[in-house]
Amino acid sequence: MYVPEHFMPGEAAVRELLSNHGASDLITMTPQGLQATLLPFEFDPDTGEHGALIGHMARGNDQWRQSVQGEAMVIVRGAEAYVTPSWYATKEEHHRVVPTWNYMIAHVYGQLVVHDDPAWIEAQIRRLTDRHETGYAEPWSVDQAPAKFIERQLRAVVGVEVVISRIEAKFKLSQNQPQENIEGVIAGLEARGQGDDSAVAAAVRTHNPHASAC
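So, how was this worked out
- Residues numbered from 1 in each chain as written.
- Predicted model: local features only at pLDDT ≥ 70, side-chain atom pairs only at ≥ 80, totals over all residues.
- Heavy atoms only, no water.
- Helix = DSSP H or I, 4+ residues; strand = E, 2+ residues; numbered from the N terminus.
- Expected span 1.5 Å × (residues − 1).
- Buried < 20%, exposed > 50% of the residue type's maximum accessible area, 1.4 Å probe, protein only.
- Arc of directions from axis to C-beta.
- Contact = heavy atoms within 4.5 Å.
- Polar contact = N/O pair within 3.5 Å; in protein donor to acceptor, adjacent residues only side chain to side chain.
- Salt bridge = Lys/Arg side-chain N within 4 Å of Asp/Glu carboxyl O.
- Pairing = 2+ DSSP bridges.
- Patch = residues over 30% accessible without salt bridge, like charges linked within 9 Å, V, L, I, M, F, W, Y side chains within 5 Å.
- Areas by Shrake-Rupley, 256 points an atom, 1.4 Å probe, with all protein chains shown as cover.

## Some words on helix 4 (residues 118–133)
Logical step 1: Between the first and last C-alpha of helix 4 there are 22 Å, a value that for 16 residues agrees with the 22 Å anticipated at 1.5 Å per step.
Logical step 2: Among the residues making up helix 4, those that are buried are Ile121, Gln124, Leu128, Thr129 and Glu133. The arc that holds every buried residue of helix 4, seen down its axis, measures 150 degrees, which confines them to one face.
Logical step 3: On its buried face, helix 4 is in contact with strand 2 (33–40), strand 3 (42–44), strand 4 (52–58), strand 6 (100–115), helix 5 (147–155) and strand 7 (157–172).
Logical step 4: Where helix 4 begins, the side chain of Asp117 points an oxygen toward the backbone nitrogen of Ala119, at a separation of 3.1 Å.
Logical step 5: At the C-terminal side of helix 4, Gly135 shows a positive phi close to 105 degrees.

Shown next as structure tokens:
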């Protein structure tokens, strides 16, 4: 991944992204070539030197059977948004501005481990469900479903784990812009309020390199 120095996040920011992302792309090499599956993962910081991403996929998905030895990659995405040059204060000065895209992303590499074990899979599903149900007035839990039904569901999936060997991350959040343009981006995103705009605005504010000088 091409990562200019000003878009390189710190370790704590990367771990925050891994801990609070949505679904991600698991990419592996198979005899038929590269294959990808979109999966929700949980970050387990206590596995190995760099942690692991744990999830599950349908048993009928041949990717887990056909993945060959070597590195797997998971593309983890954070919030993202289009940035119009109309938000830049410097547009009125010289018009040497262009549109861009702000985003947070991590390419996570590691060894793929398959867990064909109902107990491991159930623990992973409970952990994943509990995280995403947090905040609901009446959060759903696995225990609300009939036990026999859950047993059948567990037999229909396999667990997957990517034990992390290295991470390449990039947080492109207008850090290369002067303070007045960053202020314009934050205001523009908050005013537009579409999709991830609010989350990106918050991230731009958090990673503003001029903030300490303000």
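## Concerning the pattern of salt bridges
Logical step 1: Tallying each qualifying case throughout the model produces 13 salt bridges.
Logical step 2: As a salt-bridge pair, Glu42 and Arg131 come within 2.3 Å of each other at their nearest N and O atoms. Residue Glu42 is found in strand 3, and its partner Arg131 is found in helix 4; the two are separated by 89 residues along the sequence.
Logical step 3: On the basis of relative accessibility, which here comes to 6%, the residue Glu42 falls in the buried class.
Logical step 4: A residue is classified by how much of its surface remains accessible, and Arg131, at 25% relative accessible area, is partly exposed.
Logical step 5: As a salt-bridge pair, Glu92 and Lys91 come within 3.5 Å of each other at their nearest N and O atoms.
Logical step 6: On the accessibility criterion, Lys91 (23% relative accessible area) is partly exposed.
Logical step 7: Look at the salt bridges and you will find they share partners, linking Glu42, Arg127 and Arg131 into a network.

## Structural notes on the pairing of strand 7
Logical step 1: In this sheet, strand 7 lies alongside strand 4 in antiparallel orientation, the contact comprising seven bridges. Bridge pairing links His56 to Gly159 in strand 7.

## Things to note about a nonpolar patch on the surface
Logical step 1: Judged by side-chain polarity, Met29, Leu34 and Val68 come together as a nonpolar surface patch covering roughly 290 Å² of accessible area.
Logical step 2: Turning to its location among the elements, Leu34 is positioned in strand 2.
Logical step 3: Classification of Leu34 by relative accessible area gives exposed; the value is 64%.

## Brief notes about the pairing of strand 2
Logical step 1: Sheet topology note: the strand 1 (residues 23–30)/strand 2 ladder contains eight bridges and is antiparallel. Counted as the bridge partner of Thr28 is Gln35 from strand 2.
Logical step 2: Taking the residues between adjacent antiparallel strands as the criterion, strand 1 and strand 2 are bridged by two residues.

## Quick notes on unusual backbone geometry
Logical step 1: Positive phi, close to 65 degrees, is recorded for His95, a residue that is not glycine.
Logical step 2: As for its position among the elements, His95 is in the loop between helix 3 (91–94) and strand 6.
Logical step 3: Positioned with a positive phi, Ser174 is a non-glycine residue whose angle comes to about 65 degrees.
Logical step 4: Checked against the element boundaries, Ser174 lands in the loop between strand 7 and helix 6 (179–192).

## Some details on the environment of Gln69
Logical step 1: Looking at the element boundaries, Gln69 is found in the loop between helix 2 (63–66) and strand 5 (71–83).
Logical step 2: Gln69 gets classed as exposed once you look at its relative accessible area, which sits at 72%.
Logical step 3: It is 29 Å that separates the C-alpha atoms of Gln69 and Asn20, two residues lying 49 residues apart in sequence.

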